[in-house]
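# Descriptive analysis of the structure
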Amino acid sequence: MGDLQMILQATGQVFTPTNMLMILVGLVIGMIVGCIPGLSVMLGIILMLPITYTIEDPATAIILLLAVYVGGMYGGSISAITLNTPGTNSAIATTFDGYPLARKGKVKKALDTSLFSSVFGGLFSAVLLLVCASFITKLVANFTSVEYFSMGILGISLIAGVSGNSLPKSIISGMLGLFMACIGMDAVTGVTRFSLGTSTLKYGIDLLPACIALIALTQVVQKLRDFKLSGGKLDDANKIDREGLTRTERKGIIPAVLRSSAVASILGAMPGVGGGVAQFLCYSEARRTSKHPENFGKGSLEGIAAAESSNNAVVGSAMIPLLTLGIPGDGVTALLLGAFVLHGITPGPTMFTKQGVMAYTIILGCLIANILLFPIGLGMTRTVAKIVQVRYTYLAPLIIMFCFAGSFAATGNTKELVICAAILIFSYLLTILDIDNTPLMLGMILESIMEKNFVTASMAYDRDYTIFFRRPISLVILGLTILLLVSLMKMNKKIEALNQANIEAIEAEHEKLDQAENVDSMEMGA
Amino acid sequence: MKFKIKTNLWSGIIMGGLSLILLLLMPYQVRVPAFDSGAPSPRIIPGICLVIMLIFSIVLIIQSLVLKKEKIVEFDWQKEKPAILLIGLLCLYVALILLIGFIPASAVTFALILAYCGERKPFIYIFILAASIGIYFLFMKVFNVSLPTGIFF
């Protein structure tokens, strides 16, 4: 079946009432989770994972999770603008101009700019994904299990290289993840590995409870701790006015949106980069090329547009390496890879040949989610913004109950609850030791794919392990791993310095604004 | 109570120790299959992971002691006490779920958590109890998963 035929067939499959409902639900949940500072898009996806177990069509399940991702990326900007606190890491640059504009009483204008840019960026990258996916898969169509194993090494090395501050710690974390996933019965030989004689570990550590403990519960505990330490005080949010974005203003931000979408799409497609990096680079680039760079940091619409279009553009482009090569680009896509695995889908070139219609259904679902974000954002932003003002003690118990119920639902065995609690304690220990747990999660997700390909390759080449270095493509991938690792680490260090300079400059600008406002209010009072 | 943690050194010691213990346990914890199926040994992947962990743990120790490259984290007991207590309460939650079931365990644990967080209004306690019942029936009726009921049913 040709690509066009598959796309046509997928179009029919994506426009079902169930899929549309899932996209709407996913977008709203994503916006809610994204806008609450301290909670992340990853938490939203994890909370939705147990629910997807009941969805028969894996494509619908993935579309729901993608809608959460898309909604969450926009949701992060709501609290960035109204509270000066980014809901997600990818919305840090949105605070630079979003908050000053909100302080001027133009909250709706800032939110409209954010929504328009998010939708534009998201659509741009989703179209890019649709166009590139088939092309890339054709390039890698000759991959065998040897190359797939090497790709796994590439994926885990890149995430380890760019997450956290220390490469040795991140590699240890990744290896721990691989090791933890090895626990239990070996699928090929039937030998039990590291069960320590307990029935709890005999069947291994399931992915879902592990992800719930590592990401969701860890985040909730940290957020509850902060709530307790702050005495339960909430920041004052700016009220949303009625003056939205005008047509002329929308026209004015299009160059910045277009440039940022293009840059972020390229960056997002590189494994290990992600939205956090893209937003700062795009923001700097927008300021450099703007006709009014002096307005940046004081409420520039171009600044908001650059930051928001870039973080949503990353959603689609991060799916390119995930769907075509099976390599996740960051924590969120690692989690999505986990969702693929849990639903029995193996992303990579074979997905486009064996399950092509499903692959295109997912891509089109991502596209539709970005389109529907616009009306949902227009209609729901005001309501969602109010959730930021809900006391966290109402939300935390709900999330915790859902987490444990979801863990139990993974297999229906109470051992999952015990494992969940044990991993939560372990995750806290890692936090104390300053070890990032994202590589650990990725290691757990990639282990099954890596070991399957390792076993297949070893059996095919009579346990000749040098085959991973003798097959040219595999050797190139392994070489590329080292090359990319070194260059990405260097690039990330440079970007980190640039980000720090940006943040310091903007904070100084915000302080000036606050002081000026205080003087004004004192004069008014006098 | 505050103390400084040399994270590179301690990560190296703890993770190195852990990987060493697991490597020593390998022959007892991963038996070699009685017959050769042509597949690689089940020890190979966990073995590689543990050896890499051990190597990088040594790298961290060298970084800390020889190269004097260290990331120091200040552990403030006053700040960390709520997190440790909350984790303890969540472990208690798991034990209670296994013992008395999902709804009573939720009622008890979250009452403790909310009281610890300083919530005094009765409405929030009623809301959480209602939510636990709601989630229980959501999983049972919609997702066809019966959450643990413990000794009561």
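Per chain, the residues get numbers from 1 upward, laid out in the order the sequence is written. Think of it this way: whatever chain is written first is A, whatever ligand is written first is 1, and the rest follow in order. Given that this is a predicted model, residues contribute local features only at a pLDDT of at least 70 and side-chain atom pairs are listed and counted only at 80 or more, while totals for whole chains, interfaces and linings are drawn from all residues.

What follows deals with the overall build of chain A. Segments assigned H or I by DSSP are reported as helices when at least four residues long, segments assigned E as strands when at least two residues long, and all are numbered from the N terminus. On a plain count of helices and strands, chain A comes out with 21 helices and two strands. Relative to the globule expectation of 24 Å for 526 residues, the C-alpha radius of gyration of chain A, 23 Å, shows essentially globular dimensions. A principal-axis box enclosing the C-alpha atoms of chain A has dimensions of 85 × 50 × 45 Å. In this scheme the burial state of a residue depends on its C-beta neighbours within 10 Å: 20 or more other such atoms mean buried, 12 or fewer mean exposed, and anything in between means partly exposed; the C-beta positions come from the backbone. Expressed as a percentage of its 526 residues, the buried residues of chain A come to 60%. Note that the radius of gyration is over C-alpha atoms, with the globule rule given as 2.2 Å times the number of residues to the power 0.38.

It is worth spelling out the nonpolar core at this point. Counting residues in each nonpolar core, the largest one holds 215 residues, and the members touching the most others are Ile45, Ile46, Leu65, Ala67, Tyr69, Cys211 and Ala216 of chain A. The source of the domain bounds is an automatic or database domain assignment. For this core, the two domains that each supply at least three residues are domain 1 (2–70) and domain 2 (77–152) of chain B. Whether two residues are in contact is decided by their C-beta atoms, placed from the backbone, lying within 7 Å. The residues contacting Leu65 of chain A, other than those within four sequence positions of it, are Ile45, Met48, Thr52, Leu336 and Ala339 of chain A. Note on terminology: a nonpolar core is a set of buried residues of type Ala, Val, Leu, Ile, Met, Phe, Trp, Tyr or Cys, with members joined through C-beta atoms within 7 Å.

Our focus in this paragraph is the packing of helix H6 (residues 107–139) of chain A against helix H16 (residues 356–387) of chain A. All names here are of chain A. Packing of H6 against H16 leaves a shortest axis separation of 8 Å and a crossing angle of 175 degrees. Classified by the angle their axes make, H6 and H16 are roughly antiparallel. From H6, Leu111, Leu115, Ser118, Val119, Gly122, Leu123, Ala126, Leu129, Leu130 and Ala133 reach across to H16, where they touch Ile363, Cys366, Leu367, Asn370, Ile371, Leu373, Phe374, Gly377, Leu378 and Thr381. We call Asp, Glu, Lys and Arg charged. Ala, Val, Leu, Ile, Met, Phe, Trp, Tyr, Cys and Pro are nonpolar, and the rest, Gly among them, are polar. The class makeup of the residues in the contact of H6 with H16 is 15 nonpolar, five polar and no charged. For helices, the fitted line uses only the C-alpha atoms of the stretch in contact; every axis is such a line through C-alpha atoms, and the angle between N-to-C directions lies from 0 to 180 degrees. Orientation labels follow simple angle bins: below 35 degrees gives roughly parallel, above 145 gives roughly antiparallel, 65 to 115 gives roughly perpendicular, and whatever is left gives oblique.

On any regular strand, side chains alternate: one points to one face of the sheet, the next to the other face. Residue and element names in this part refer to chain B. Counting buried positions over the five residues of strand E1 (residues 2–6) gives zero, only a small fraction of the element. Two strands form a pair only when DSSP identifies at least two bridges running between them. The pairing of E1 with strand E2 (residues 72–76) spans five bridges and is classified as antiparallel. Among the inter-strand pairings, Phe3 is bridged to a residue of E2, identified as Phe75.

Right, let's talk about the packing of helix H4 (residues 58–83) of chain A against helix H14 (residues 331–342) of chain A for a bit. In a pair of packed helices, the angle between the axes and the distance between the axes together describe the arrangement. Residues and elements named next belong to chain A. Interaxial distance between H4 and H14 falls to 10 Å at its minimum, and their mutual angle equals 165 degrees. In terms of axis orientation, H4 runs roughly antiparallel to H14. Read as a crossing pair, H4 and H14 show a hand that is right-handed. Between H4 and H14, the residues in contact are Ala61, Ile62, Leu65 and Tyr69 and Val332, Leu336, Ala339 and Phe340, respectively. Of the residues contributing to the contact of H4 with H14, the split by class is eight nonpolar, no polar and no charged. When the near helix sits turned anticlockwise from the far one by under a right angle, the crossing is termed left-handed; a clockwise turn instead gives a right-handed crossing.

Residues and elements named next belong to chain A. Expected helix span is taken as 1.5 Å per residue step, with the number of steps being one fewer than the number of residues. Under the 1.5 Å per step criterion, the end-to-end length of helix H8 (residues 167–182) is 23 Å for 16 residues, consistent within 8% with the ideal 22 Å. For H8, the buried fraction is high: 15 of the 16 residues fall into the buried class. Positive phi appears at Gly184, one or two residues downstream of H8, with a value of about 105 degrees.

This paragraph deals with the domain arrangement of chain B. For chain B, the assigned domains read domain 1 (2–70) and domain 2 (77–152). The straight-line distance from the C-alpha centre of domain 1 of chain B to that of domain 2 of chain B is 37 Å.

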